[in-house]
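Observations on the three-dimensional arrangement
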Amino acid sequence: MAGEHILVVDDEESIREIVCSMLAASGYQTHQVPSGVEALHLLESGAEFDLMLSDLMMAELDGIALLERTKEQYPDMPVIMVTAVHDISVALAAIRNGAYDYLLKPFEREQLLAIVRRALEHRRLKLENRAYQSNLETLVAAKTEQLRQAVTDLERSYDITLEALGDALDLKD
């Protein structure tokens, strides 16, 4: 589903440009920033993104620190770490800290698009699930209230019936 907003964070302008052009060619709307600090400022200013692609190694605020900060404030936004570091421990650290996935440079266009599609689909399903759960909780609450009202009505009916039976016995005597 194209049209989603993607934030690309990388300190290398050429990489940002390439990634943004690949994504834009597939219909995604992109915004790029050269550092983790600028990414945080942009997010804190109220800009909303469906996905963030972040480099791992950046000056000032590296990708892991950016990931930790964004996951606290924007838990529904999947983050894909993009890096040239071919170290499994780094990848595991990123995943443990909440990254959706990890993409190694250099990557093919189709690799990028596939991982972006999966991350956005995962986000969509998570949001749908949350909405469904919320609707279900509302429905259960409404049905529970209806059931309480029916029990109250039944108790009142029972009391009226007992009273009527008592009055009938009193009249018989």
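Residues numbered from 1 in each chain as written. Predicted model: local features only at pLDDT ≥ 70, side-chain atom pairs only at ≥ 80, totals over all residues. Heavy atoms only, no water.

**Concerning the overall build of the protein**
Counting its regular elements, the protein contains 5 helices and 5 strands. Along its sequence from the N terminus, the protein presents helices and strands in the succession β-α-β-α-β-α-β-α-β-α. Whereas a compact globule of 173 residues would reach a radius of gyration of roughly 16 Å, the protein reaches 28 Å, over 25% beyond that. Residue burial in the protein is summarised as follows: out of 173 residues, 32% are buried. Restricting the contact set of the protein to residue pairs at least 6 apart, pairs at least 24 apart contribute 61%. Entry remark: accessible area of the protein is about 10,600 Å², with carbon and sulfur atoms responsible for 56%. (Helix = DSSP H or I, 4+ residues; strand = E, 2+ residues; numbered from the N terminus. Rg over C-alpha atoms; globule rule 2.2 N^0.38 Å. Buried < 20%, exposed > 50% of the residue type's maximum accessible area, 1.4 Å probe, protein only. Contact = heavy atoms within 4.5 Å. Areas by Shrake-Rupley, 256 points an atom, 1.4 Å probe, with all protein chains shown as cover.)

**Digging into a negative patch on the surface**
On the surface, a cluster of negative charge is made up of Glu-155, Asp-159, Glu-163, Asp-167, Asp-170 and Asp-173. Classification of Asp-170 by relative accessible area gives exposed; the value is 57%. (Patch = residues over 30% accessible without salt bridge, like charges linked within 9 Å, V, L, I, M, F, W, Y side chains within 5 Å. Salt bridge = Lys/Arg side-chain N within 4 Å of Asp/Glu carboxyl O. Lys, Arg positive; Asp, Glu negative; His and termini not counted. Charge placed at Lys NZ, Arg CZ, Asp CG, Glu CD.)

**Things to note about the nonpolar core**
Counting residues in each nonpolar core, the largest one holds 23 residues, and the members touching the most others are Leu-7, Val-9, Met-52, Leu-66, Met-81 and Tyr-102. Within the residue set of this core, elements represented by two or more residues are strand S1 (5–9), helix H2 (36–44), helix H3 (63–73), strand S4 (79–83) and helix H4 (88–96). Look past the residues within four positions of Leu-7 in its chain and what remains in contact with it is His-31, Val-33, Ala-39, Leu-42, Leu-43, Phe-49, Leu-51, Met-52 and Leu-53. Grouped together as the second largest cluster of nonpolar side chains are 19 residues, Val-19, Cys-20, Tyr-28 and Leu-120 included. (Core = buried A, V, L, I, M, F, W, Y, C linked by side-chain atoms within 4.5 Å.)

**Here's the deal with the sheet that holds S4**
Taken in spatial order, the 5 strands of this open sheet run S2-S1-S3-S4-S5, and their pairing is parallel. Taken across any chain shown, the strands that pair with only one partner, and hence form the sheet edges, are strand S2 (29–33) and strand S5 (101–104). On average, adjacent strands in this sheet sit at an angle of 20° to one another, irrespective of strand direction. For strand S3 (residues 51–55) and S4, the ladder comprises 4 bridges, and the chain directions are parallel. Note on S4: the bridge partner recorded for Leu-53 is Ile-80. Seen against the sheet, H2 touches S1 and S2 and runs at an angle of roughly 150° to S1. Of the strands in this sheet, S1, S3 and S4 are in contact with H3, which crosses S4 at around 175°. (Pairing = 2+ DSSP bridges. Axes fitted to C-alpha atoms, helices over the stretch in contact; angles between N-to-C directions.)

**With respect to the pattern of salt bridges**
Scanning all chains against the criterion turns up 10 salt bridges. With its nearest N and O atoms 3.1 Å apart, the salt bridge here joins Asp-50 to Arg-123. In this pair, Asp-50 sits in the loop between H2 and S3 while Arg-123 sits in helix H5 (residues 109–172), placing the two residues 73 residues apart along the sequence. One salt bridge connects Asp-101 with Arg-118, and the closest N-O pair in it is separated by 3.3 Å. With Asp-101 in strand S5 and Arg-118 in helix H5, this residue pair connects regions lying 17 residues apart in the sequence. Beyond isolated ion pairs, a larger network of salt bridges with shared partners links Asp-10, Asp-55 and Lys-105.

**Here's the deal with the confidence of the model for the protein**
Any region with low pLDDT has predicted coordinates that should not be read closely. Across the protein, the average pLDDT comes to 92, with 99% of residues at 70 or higher. Within the protein, the lowest mean pLDDT, 86, falls on H4, and the highest, 97, falls on S1. (pLDDT = per-residue confidence, 0-100.)

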